[in-house]
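Here is how the chains run, residue by residue.
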Amino acid sequence: MCTRTSRCYWFGGPGWQKVLCYRCVCFLSVLFVLGVVLLPAPVECGCRRLAQKPCEAICVRTNTLNRQPTGRATGYGAQTGNVSFPYESADAWTCELRIVVIMPANTSVEASLPRVQPVLEKAEGFIRREGIIPSDVAIRWIPFDDRCEQARATVMAMDGTGSDSCGHLILGPSCDFALAPVARIARYIYNDGIPVITGAGYTFDFEEPKTHCENEFHMLIRTGLVSFKRMAFFMIELIRHFKWNRVVYFYERQSYYNVAGPQTGHLLMNTMAEFFRHENITYSPFSTDSARTNLTESLKEKVGLSYA
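Reading the values: rules and limits
Residues numbered from 1 in each chain as written. Predicted model: local features only at pLDDT ≥ 70, side-chain atom pairs only at ≥ 80, totals over all residues. Heavy atoms only, no water. UniProt positions renumbered as here; feature names shortened; annotations may be inferred. Axes fitted to C-alpha atoms, helices over the stretch in contact; angles between N-to-C directions. Helix = DSSP H or I, 4+ residues; strand = E, 2+ residues; numbered from the N terminus. Parallel < 35°, antiparallel > 145°, perpendicular 65-115°, else oblique. Left-handed = near helix turned anticlockwise from the far one by under 90°. Contact = heavy atoms within 4.5 Å. Salt bridge = Lys/Arg side-chain N within 4 Å of Asp/Glu carboxyl O. Buried < 20%, exposed > 50% of the residue type's maximum accessible area, 1.4 Å probe, protein only. Polar contact = N/O pair within 3.5 Å; in protein donor to acceptor, adjacent residues only side chain to side chain.

The protein carries the name Receptor ligand binding region domain-containing protein in an unreviewed UniProt entry, which gives Anopheles minimus as its organism. Regarding the protein, the relevant UniProt record gives this comment under Subcellular location (unreviewed entry): "Membrane".

Caption draft 1: Here's a closer look at the packing of helix α3 (residues 150-160) against helix α4 (residues 176-185). Between α3 and α4, the shortest axis-to-axis distance is 8 Å and the interhelical angle comes to 40°. Classed by the angle they form, the pair α3 and α4 counts as oblique. Taken as a pair, α3 and α4 cross one another with a handedness that is right-handed. Contacts between α3 and α4 involve Gln150, Ala153, Thr154, Ala157 and Met158 from the former and Phe177, Ala178, Pro181, Val182 and Ile185 from the latter.

Caption draft 2: Seen up close, the packing of helix α5 (residues 228-241) against helix α7 (residues 264-278). Where α5 contacts α7, the two axes come as close as 9 Å, and the packing angle between them is 50°. When the axis of α5 is compared with that of α7, the two are oblique. As for how α5 packs across α7, the hand of that crossing is right-handed. Residue-level inspection shows Phe228, Lys229, Met231, Ala232, Phe233, Met235, Ile236 and Ile239 of α5 in contact with α7, the latter providing Thr264, Leu267, Leu268, Thr271, Met272, Phe275 and Phe276.

Caption draft 3: Just the pattern of salt bridges, in detail. For the structure on display, the rule yields nine salt bridges. Among the charged side chains, a salt-bridge network with shared partners connects Glu96, Arg98 and Arg140.

Caption draft 4: Region of interest: the side chain of serine 112. Structurally, the position occupied by serine 112 is in the loop between β3 (93-103) and α2 (113-130). In this structure serine 112 comes out as buried when scored by relative accessible area, which is 0%. Among the polar contacts listed, one links the side chain of serine 112 to the backbone oxygen of valine 109, at a separation of 3.2 Å. Each residue touching serine 112, except ones within four places of it in the same chain, is listed here: Met103, Pro104, Asn106 and Thr107.

Written out as structure tokens, the structure is:
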């Protein structure tokens, strides 16, 4: 399909687009000669109609810019936005991919800005060496510290996609409570929404279908292999193997803060409970935060004969 839209061609100037279109024409001609026509089903990306802002384009003409990068930016992650590999093409086009990174600066969380930024630098070096994106496309990292807070993460997402930054992609948040509001509003940012890519999103809600605008987390892409849902399936298999049918669930609300931020233990318990109900497994949750005595006494009291 060779119609020119702002979302079809991410990289390069008009010359690259013409080459791609010529290839499309040749490919379609071969299909018609063979008597085979492959037409993909129409895809509707946007969840609401908005006028596209000029800054949404990755490649723009030089004379439309208020400022131009003049050299290799030094330092990484300044709020003003550092540009790597700045380039101005011969035909007066400038390309810049802006990536908003929303994560806590607190290293108590594994996926925090100080831990992730060196990885992103290595990733950029790799895609440059491998030629995964054209060399004339600059990458600007726009980091924000959300402190694992829902309200702050939402504001950071709005700042990162506003006129000053106009990001094309959001990486993070890495805390589940902060991720939820950002992933919800992403489908309504810009005309086509903005992708939210995260290694978090452990709670079962984030694994619900995302193929339609009506889906709560339509623009969310999870890259992690492990989730609380998979842990729940493992526990169910274990329970079925030993033919158990009653479970008492001991948990600490703030446990494993380093994995998904505040109340990770509580979120895991909620997911377990959701799938235990589906399997008709009798369960009783008990938060150790509320234990008035030591855990040994709590085990005697809560397990007793009913769950022994």
